[in-house]
Protein chains: 2
Amino acid sequence: MEVKRTQAQRTAATRAALVVAARPLFAEHGYAAISTDQIARAAGVTRGALYHQFAGKEELFAAVVEQVEEEIQARIAAEIEAAAPTDVDAMIGANIDAFLAACAEPEVHRIALIEAPAALGWERWREICFRYGVGNVERVLQSLIDAGLVADQPVRPLAHVVAGALDEAALYAARAGDREAAVEEARGALRALIPGLLTR
Amino acid sequence: MEVKRTQAQRTAATRAALVVAARPLFAEHGYAAISTDQIARAAGVTRGALYHQFAGKEELFAAVVEQVEEEIQARIAAEIEAAAPTDVDAMIGANIDAFLAACAEPEVHRIALIEAPAALGWERWREICFRYGVGNVERVLQSLIDAGLVADQPVRPLAHVVAGALDEAALYAARAGDREAAVEEARGALRALIPGLLTR
DNA sequence: CAACTTACGGACAGGTTGTATGGAAGTCAA
DNA sequence: TTGACTTCCATACAACCTGTCCGTAAGTTG
């Protein structure tokens, strides 16, 4: 029927279709192995539309990364709230579990942790991570420092290092043959490492 | 003069020239942004030689990664030996310092930590890391466990997680504006996190 | 409703990877 | 030494991919 659509709606629909179509393709084959033509065709538009809506392939990928980060951030927040941890150890554990669960699918870990740093450049990747993952870690650490549970120190570098450990654990868990066992191992390693920050 | 060279010498010379030429190019511009033609020209050969010696661009890059890993491994071992740490804390600190120093140049951290996972795929990257960096971490951790200084637990996942923290710290330090200060911050964060594994 | 802006499709130019082909360099047996 | 044989390398070629240009359609505004 082709109802009359406003420009904003057309733009939103096209951008959304491209991002939605690109995401699983990037997740399965990687940034370099997927062509803009494949994405456009999967989205039901042409490359012309893609290049009108995004400055280029990299910008489209950035939009996908942004969407993924936003999503896992929301998932983690929801899981933490559901767990409603009472003491510090439970809170740290809940954060670890939520992060590992959120990174389980390739759409998350492959895009956000493997492809993004190389495709967008580390600086840009770090900037995005800082607004989501690392930023969250930093907030948690800061609250622990404020509560006197972690020794006072510069939070930013500590947040990066802890986030690095979390990222690697997520990849270890997600990419293993026996997923269940690997998640358990990764959880164990993180629970051995991170609570070591607590003052006792 | 063009002395007569044996086939093995020709092969070795060509492969070495390609790897040596490719390394700084990949380090500065990244894997995707450098063409096989640029590499071949920088090496003083043609793409024909490149494709005769390596199965493709990716295999050449893998050779570069391998060389970088081997080199930093040697550097770290030498620095540890030079430091000759006596107690556990000093040993851990020496490992941290040596790793951060080894990753300072882009030729190391950009190639081995940023480009390699995406270009070679995480599985292959992990396999290489395991023969070098992660493997080394695992050996150190195992010795600590054997000595009763770290709680008994599966070493492999712990080694991955610790290596992830080290990698992120190296990137944080290497990519910062004020290098000196960032190295100090990264070192501080690692020294706050890793010794937390020690039983007290 | 007419001028204007925005969204999009198709075609083109430049550059990239990998392969195929022919010749040069080295090896080995007689 | 020589002649067959293998290895090494350079050039030419085909397929593909990105980004841009231009024309057209859809929507907006005075």
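Keep in mind that this is a model prediction, so the values were computed, not measured.

Reading the values: rules and limits
Residues numbered from 1 in each chain as written. Chains lettered and ligands numbered in written order. Predicted model: local features only at pLDDT ≥ 70, side-chain atom pairs only at ≥ 80, totals over all residues. Heavy atoms only, no water. Near = heavy atom within 4 Å. Polar contact = N/O pair within 3.5 Å; in protein donor to acceptor, adjacent residues only side chain to side chain. Helix = DSSP H or I, 4+ residues; strand = E, 2+ residues; numbered from the N terminus. Nonpolar A, V, L, I, M, F, W, Y, C, P; charged D, E, K, R; others polar. Least-squares fit on C-alpha atoms with pLDDT ≥ 70 in both. Domains from an automatic or database assignment. Contact = heavy atoms within 4.5 Å. Buried area = accessible area lost by both parts, 1.4 Å probe. Salt bridge = Lys/Arg side-chain N within 4 Å of Asp/Glu carboxyl O. Phe/Tyr/Trp six-rings, centres within 6.5 Å; stacked < 30°, edge-to-face > 60°. Lys NZ or Arg CZ within 6 Å of the ring centre and 35° of its normal. UniProt positions renumbered as here; feature names shortened; annotations may be inferred. Axes fitted to C-alpha atoms, helices over the stretch in contact; angles between N-to-C directions. Left-handed = near helix turned anticlockwise from the far one by under 90°. Buried < 20%, exposed > 50% of the residue type's maximum accessible area, 1.4 Å probe, protein only.

Draft legend 1. Examining the protein's contact with DNA strand D more closely. Residues in close proximity to DNA strand D total 22 residues, the closest being Thr-6, Arg-47 and Tyr-51 of chain A together with Thr-11 and Thr-14 of chain B. A share of 76% is what sugar and phosphate atoms reach among the atoms of DNA strand D within 4 Å of the protein. Here a base oxygen of DNA strand D sits 2.5 Å away from a polar atom, N or O, in the side chain of Arg-47 of chain A. In this structure, a phosphate oxygen belonging to DNA strand D sits 2.7 Å away from a side-chain N or O atom of Gln-53 of chain B. If you list the elements that add at least two residues to the surface near DNA strand D, you get helix 1 (7-29) and helix 3 (47-53) of chain A together with helix 1 (7-29) and helix 3 (47-53) of chain B. Of the residues belonging to the surface near DNA strand D, the class tally is four nonpolar, twelve polar and six charged.

Draft legend 2. Spatial organisation of the relation of the copies chain B and chain A. Overlay of chain B on chain A (RMSD 0.0 Å): rotation 180°, translation along the axis 0.0 Å. The superposition operator between the copies reduces to a two-fold rotation axis. Among all residues of chain B, the one whose C-alpha sits closest to the rotation axis is Gly-196 of chain B, at a distance of 1.9 Å.

Draft legend 3. Structural view of the domain arrangement of chain A. Residue and element names in this part refer to chain A. Parsing chain A into structural domains produces domain 1 (1-54) and domain 2 (58-197). Facing 14 residues of domain 1, the contacting portion of domain 2 comprises 15 residues. Counting each side, the surface lost to burial between domain 1 and domain 2 is near 1300 Å², with a carbon and sulfur contribution of 66%. If you sort the residues of domain 1 by the area they bury against domain 2, Arg-23, Ala-27 and Tyr-31 come out on top, with a joint share of 53%. Here domain 1 and domain 2 share two salt bridges between them. With a shortest N-O distance of 2.8 Å, Arg-23 and Glu-71 are connected by a salt bridge. In this structure, the connection of domain 1 to domain 2 is made through six residue pairs in polar contact (both at pLDDT 80 or more). A per-element tally of the side of domain 1 that touches domain 2 places helix 1 first, with nine residues. Looking at the side of domain 1 that touches domain 2, its residues break down into ten nonpolar, two polar and two charged.

Draft legend 4. Layout of the packing of aromatic side chains. All names here are of chain A. Summed over the entire model, instances satisfying the criterion amount to six aromatic pairs over all chains. These aromatic residues form a ring-pair network of at least three members: Phe-26, Tyr-31 and Phe-61. Positioned above the aromatic ring of Tyr-31, the side-chain terminus of Lys-57 is 4.5 Å from the ring centre.

Draft legend 5. Seen up close, the interface of chain B and chain A. Facing 33 residues of chain B, the contacting portion of chain A comprises 33 residues. Buried area between chain B and chain A, summed over both chains or domains, comes out near 2900 Å², and the portion from carbon and sulfur atoms is 69%. Contact with chain A buries surface across chain B, with Trp-122, Tyr-172 and Leu-193 of chain B losing the most and accounting together for 22% of the total. Summed over the shared surface of chain B and chain A, the number is two salt bridges. Between Arg-175 of chain A and Glu-123 of chain B there is a salt bridge, with its nearest N and O atoms 2.7 Å apart.

Draft legend 6. The arrangement of the side chain of Glu-115 of chain B in detail. Checked against the element boundaries, Glu-115 of chain B lands in helix 6 (residues 106-120). If sequence neighbours within four positions are ignored, Glu-115 of chain B has contacts with Ala-118 of chain A together with Gly-30, Tyr-31, Phe-61 and Arg-110 of chain B.

Draft legend 7. Main features of the UniProt feature "DNA-binding region" (unreviewed entry) in chain A. When the UniProt feature table is mapped onto this chain, "DNA-binding region" (unreviewed entry) is found at residues 35-54 of chain A. Taken end to end, residues 35-54 of chain A has its terminal C-alpha atoms 14 Å apart, with 75% of it in helix and 0% in strand.

Draft legend 8. Looking closely at the UniProt feature "domain: HTH tetR-type" (unreviewed entry) in chain A. When the UniProt feature table is mapped onto this chain, "domain: HTH tetR-type" (unreviewed entry) is found at residues 12-72 of chain A. Helix makes up 80% of residues 12-72 of chain A and strand 0%. Its end C-alpha atoms lie 22 Å apart.

Draft legend 9. Broad picture of the protein's contact with DNA strand C. Residues in close proximity to DNA strand C total 20 residues, the closest being Thr-11, Thr-14 and Thr-46 of chain A together with Thr-6 and Tyr-51 of chain B. Counted by atom, the contact set of DNA strand C within 4 Å of the protein is 76% sugar and phosphate. For the surface near DNA strand C, the secondary structure elements donating two or more residues are helix 1 and helix 3 of chain A together with helix 1 and helix 3 of chain B. In terms of residue class, the surface near DNA strand C is built from three nonpolar, eleven polar and six charged.

Draft legend 10. Representation of the packing of helix 5 (residues 88-102) of chain A against helix 10 (residues 179-193) of chain A. Residues and elements named next belong to chain A. It is the contact of helix 5 with helix 10, at a shortest axis distance of 10 Å, that shows an interaxial angle of 145°. Crossing geometry of helix 5 relative to helix 10 is assigned as right-handed. In this structure, helix 5 contributes Gly-93, Ile-96, Asp-97 and Leu-100 to the contact, and helix 10 contributes Val-183, Ala-186, Arg-187, Leu-190 and Arg-191. Looking at the contact of helix 5 with helix 10 residue by residue, the classes come out as five nonpolar, one polar and three charged.

Draft legend 11. Main features of the pattern of salt bridges. Residues and elements named next belong to chain B. Throughout the structure, instances matching the rule amount to 30 salt bridges over all chains. For Arg-41, the salt bridge goes to Asp-37, with nearest N and O atoms at 2.0 Å. In this pair, Arg-41 and Asp-37 both sit in helix 2 (residues 36-43), four residues apart, roughly one turn of the helix. Under the relative-accessibility criterion, Arg-41 is labelled exposed at 59%.

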